[in-house]
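# A look at the structure
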Amino acid sequence: MSENEMIIEGLDDIEVANTSIDDIESENVNLIFVGIDQSGSMHPYVTDMGSALSRFKQALEESKESDDILVARANFAADIDIGGYKKISEFDCNYTAWGATPMYDVIVDGSLKLDGYRTFLKDQGVRVKAVFAIFSDGDDTCSVRTFGDAKAAIERLNREEITTAFISFGGAATKTAKELGFRNILDVASSASELRKAFDCLSKSVIESSKSVVADEDDFFQI
Amino acid sequence: MLINKIGALHLEYGANCQDAGRDLPGLKIVCDGCSEGLHSEVGAKLFALKFPYYLKYWISTNAVDHTFMELISFFHNDPDDKKHYLSFTTLIANEFPTGFLVSYCGDGYVIAQRVDGEIEFIRLDCGEYPKYYIYNFIPKNRLSKYREGVEVDTRWFYKSEYQRVGVASDGLRYALEDDEIRPLLTQYLKEDKPVKIKRLINKYQHIFKDDITIAF
């Protein structure tokens, strides 16, 4: 075992990577996956993104539903880095931009991790709703997975009544998002103010979605 | 704590959860609607809402009567409506300085925690046929049982023996009959962990065939 591996007695691996069941104070949990494009083309907006993510975090923290929300942030640039589902207070608002756009990889791997933790929670008697959201300013450029793999992943999420949402920054990824099968697509122009509005919309949509008993289908961004 | 969960059979049949409950300081209420009553959850919920008001002015047994009289006023004396909306058990635990008074009409359970911390489950059994207070307001010729009327029964639990008393609907029986679930339920009641109890019921939904409500 390497020194980086951590064992905590009494916790499954999935709990170590995400939030342990004993730390969840509610019967109902809303899992929010946010895949964030950190490719080089986003470089002009590094500061604005950091600010937008901070506002996103603050909005969720201040909501009454904050205790029921767990967020996993996934970054995709030269490679992908998918974090665990953690309380919103632990959400990382830092942002850098470099590298390419392995969007299909983050969709496939992100959906598998969401499935795994969701199944774990449901087996423990937790009622789970989930939102799978991607923010990107362009199409995939370097994934190992294919378009077909990503499309199949989105189809599976849709079938399982997980809300799928895509924020297309600048419009270049909108067509791909539709073809992948995302049920909710927010198309915004590429500017600092539109970026801010997009994440404000995302935070409000997450909060509204968390209040309802059933998952949103295609009205996630209609708040 | 208040736990109110739909039973697996109700889910299967597309029926509502017909239990209602209320957890107030010093007052626990559970009402279990008759499964043959088309809308018994309506009456059960209204009773749980309204009863505390009448308890301010009447002792428990009289407060039950006054609450029913108000609920009946919705139904213009239609005996079928009364049966369909107001057939539910009433289980009430009221705290006093020296003890707890449980008033009940119909089946269910008392959950009593002794001063040493141990939990007792005491079955309240009103006999072969379900007993509903609404029978007092239905013409005798429309009843096959309880034509002579029904009364609210009472039991007293001294604080010298019990530190906490609550009530539960008889859906609790499925938990008590299961060797795996019963000890977990008992532990979570002792630890005062309603979220763990809810998750336990969610996890073993298939075992909890009937609605279950616990006010403790």
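Another aspect to go through is the overall build of chain A. Scanning chain A from N- to C-terminus turns up six helices and seven strands. When the helices and strands of chain A are listed from N to C terminus, the series reads α-β-α-β-β-β-α-β-α-β-α-β-α. Taking 17 Å as the expected radius of gyration for a compact globule of 223 residues, we find that chain A reaches 16 Å, a close match to that expectation. Along the first, second and third principal axes, the C-alpha atoms of chain A reach 45 × 45 × 35 Å. Sequence separation of 24 or more characterises 75% of the internal contacts of chain A that already satisfy a separation of 6 or more. Within the structure as shown, chain A displays about 10200 Å² of accessible surface, and the carbon and sulfur contribution to it stands at 46%. Across chain A, the 22 positively charged side chains and the 41 negatively charged ones have centroids separated by 6 Å.

Put simply, chain B has an average pLDDT of 94, and 100% of its residues get 70 or more. Across the assembled chains, the prediction reports ipTM 0.79 with pTM 0.86.

We now examine the environment of serine 54 of chain A. Locating serine 54 of chain A in the fold gives a position in helix 2 (residues 46-62). C-alpha separation for the pair serine 54 of chain A and lysine 86 of chain A, spaced 32 residues apart in sequence, amounts to 16 Å.

Turning our eyes to something else, we now look at the interface of chain B and chain A. If you look at the interface, chain B gives eight residues, while chain A gives eleven residues. Three residues stand out in chain B for area buried against chain A, namely Arg199, Asn202 and Lys203 of chain B, and they jointly supply 66% of the buried area on that side. Joining chain B to chain A, the criterion identifies one salt bridge. Across the pair glutamate 27 of chain A and lysine 5 of chain B runs a salt bridge, and its minimum N-O distance is 2.1 Å. On the surface where chain B and chain A come into contact, there are seven residue pairs in polar contact (both at pLDDT 80 or more). With six residues, the top contributor of residues to the side of chain B that touches chain A is helix 7 (residues 194-203) of chain B. Partitioned by chemical class, the residues of the side of chain B that touches chain A number one nonpolar, two polar and five charged.

Now for a negative patch on the surface. Negative charge collects at one region of the surface, where Asp22, Asp23, Glu25, Asp67 and Glu90 of chain A lie side by side. Within the element layout of this structure, glutamate 90 of chain A appears in the loop between strand 4 (86-87) and helix 3 (103-123).

What counts, and where the lines are drawn
Residues numbered from 1 in each chain as written. Chains lettered and ligands numbered in written order. Predicted model: local features only at pLDDT ≥ 70, side-chain atom pairs only at ≥ 80, totals over all residues. Heavy atoms only, no water. Helix = DSSP H or I, 4+ residues; strand = E, 2+ residues; numbered from the N terminus. Rg over C-alpha atoms; globule rule 2.2 N^0.38 Å. Contact = heavy atoms within 4.5 Å. Areas by Shrake-Rupley, 256 points an atom, 1.4 Å probe, with all protein chains shown as cover. Lys, Arg positive; Asp, Glu negative; His and termini not counted. Charge placed at Lys NZ, Arg CZ, Asp CG, Glu CD. pLDDT = per-residue confidence, 0-100. Buried area = accessible area lost by both parts, 1.4 Å probe. Salt bridge = Lys/Arg side-chain N within 4 Å of Asp/Glu carboxyl O. Polar contact = N/O pair within 3.5 Å; in protein donor to acceptor, adjacent residues only side chain to side chain. Nonpolar A, V, L, I, M, F, W, Y, C, P; charged D, E, K, R; others polar. Patch = residues over 30% accessible without salt bridge, like charges linked within 9 Å, V, L, I, M, F, W, Y side chains within 5 Å.

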